[in-house]
Amino acid sequence: MYNMTFEELHGDYSQEERMDSVATALEEVLASALPLGCITVGVYEAAKSLNVDPDNVVLCILATDDEDVKDVALQIHFTLIQAFCCENDINILRVNNTRRLAEILGGGGGGGGKPSGGEPMDLHCVLVTSPHSTSWKDPALSKVNRFCRESRCMDQWVPIINLPER
């Protein structure tokens, strides 16, 4: 196993530049996975998908806003999902802007993260899965996965990133 030095982990980027770079890569991953049908949205749907085929999940995104921090039931779900993902070597990211996540997943066309039925999507948990037909080689996904691995090396098991408003 190759151990990276602190300087190698961080390169010449500042922490803010690194976070912006990862946020952009995450947006690219979601935008490319959506038309492939490789997105599972919702805490309960994610739990079902993780139970059925955890080897197919390449990334787990847990999203909250300020008001969600006080939701004890949601925090319990997050704890269980995080534990399952850690046990199954699934990379996890925490995102603190559900409105921006809704724009990305809803196409940004004013949908506001609402499917055709009009009910808002449960964006608290989003899974990105690998398409069954091909091995998905996405440079943006590689960048996000590398960020997750580097964060674990620094004992930050669930890194938090900010999806900036566009």
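Structure: see above.
A short tour of the structure in this document, coming up. (Residues numbered from 1 in each chain as written. Predicted model: local features only at pLDDT ≥ 70, side-chain atom pairs only at ≥ 80, totals over all residues. Heavy atoms only, no water.)

So, the overall build of the protein chain
Helices and strands together make up the secondary structure of the protein chain, namely six helices and five strands. Counting across all 166 residues of the protein chain, residues that qualify as buried make up 43%. Relative to all contacts within the protein chain whose residues are 6 or more apart in sequence, the contacts with residues 24 or more apart total 82%. On the protein chain, roughly 9500 Å² of surface is accessible, and the fraction owed to carbon and sulfur atoms is 52%. (Helix = DSSP H or I, 4+ residues; strand = E, 2+ residues; numbered from the N terminus. Buried < 20%, exposed > 50% of the residue type's maximum accessible area, 1.4 Å probe, protein only. Contact = heavy atoms within 4.5 Å. Areas by Shrake-Rupley, 256 points an atom, 1.4 Å probe, with all protein chains shown as cover.)

Observations regarding the side chain of Asn91
The residue Asn91 is located in the loop between helix H4 (72-87) and strand S3 (92-95) in this model. Only 2.7 Å separates the side chain of Asn91 from the side chain of Arg152, close enough to count as a polar contact. (Polar contact = N/O pair within 3.5 Å; in protein donor to acceptor, adjacent residues only side chain to side chain.)

Looking at the pattern of salt bridges
One pass over the full model with this rule turns up three salt bridges. The partner of Arg100 in a salt bridge is Glu27, and the shortest N-O contact between them spans 2.8 Å. Here the residue Arg100 occupies a position in helix H5 (residues 98-105), and Glu27 occupies one in helix H2 (residues 15-33), the gap between them amounting to 73 residues. Measuring nitrogen to oxygen at the nearest pair gives 3.6 Å for the salt bridge that ties Arg99 to Glu165. On the criterion of sequence distance, the pair formed by Arg99 in helix H5 and Glu165 in the segment after strand S5 (160-161) is long-range, its members being 66 residues apart. A relative accessible area of 56% means that Arg99 is categorised as exposed. Shared partners join several salt bridges into a network, and the residues in it are Glu27, Arg100 and Glu103. (Salt bridge = Lys/Arg side-chain N within 4 Å of Asp/Glu carboxyl O.)

Thoughts on helix H3 (residues 43-52)
Among all positions in H3, only Val43, Ala46, Ser49 and Leu50 are buried. Each buried residue of H3 sits inside an arc of 125° when the element is viewed along its axis, so together they form one side. Counted as exposed and oriented over 90 degrees from the buried face of H3: Tyr44, Lys48, Asn51 and Val52. Buried residues in H3 make contact with strand S1 (39-41), strand S2 (57-63), H4 and strand S4 (125-129). (Arc of directions from axis to C-beta.)

Section: the sheet that holds S1
One open sheet holds the five strands; their spatial order is S1-S4-S2-S3-S5, and the pairing between them is mixed. The sheet terminates laterally at S1 and S5, the two strands that pair on one side only. As defined by bridge partners, S1 adjoins S4 across three bridges and the pair is classed as antiparallel. Looking at S4, one finds that Thr40 is bridged to Leu127. (Pairing = 2+ DSSP bridges.)

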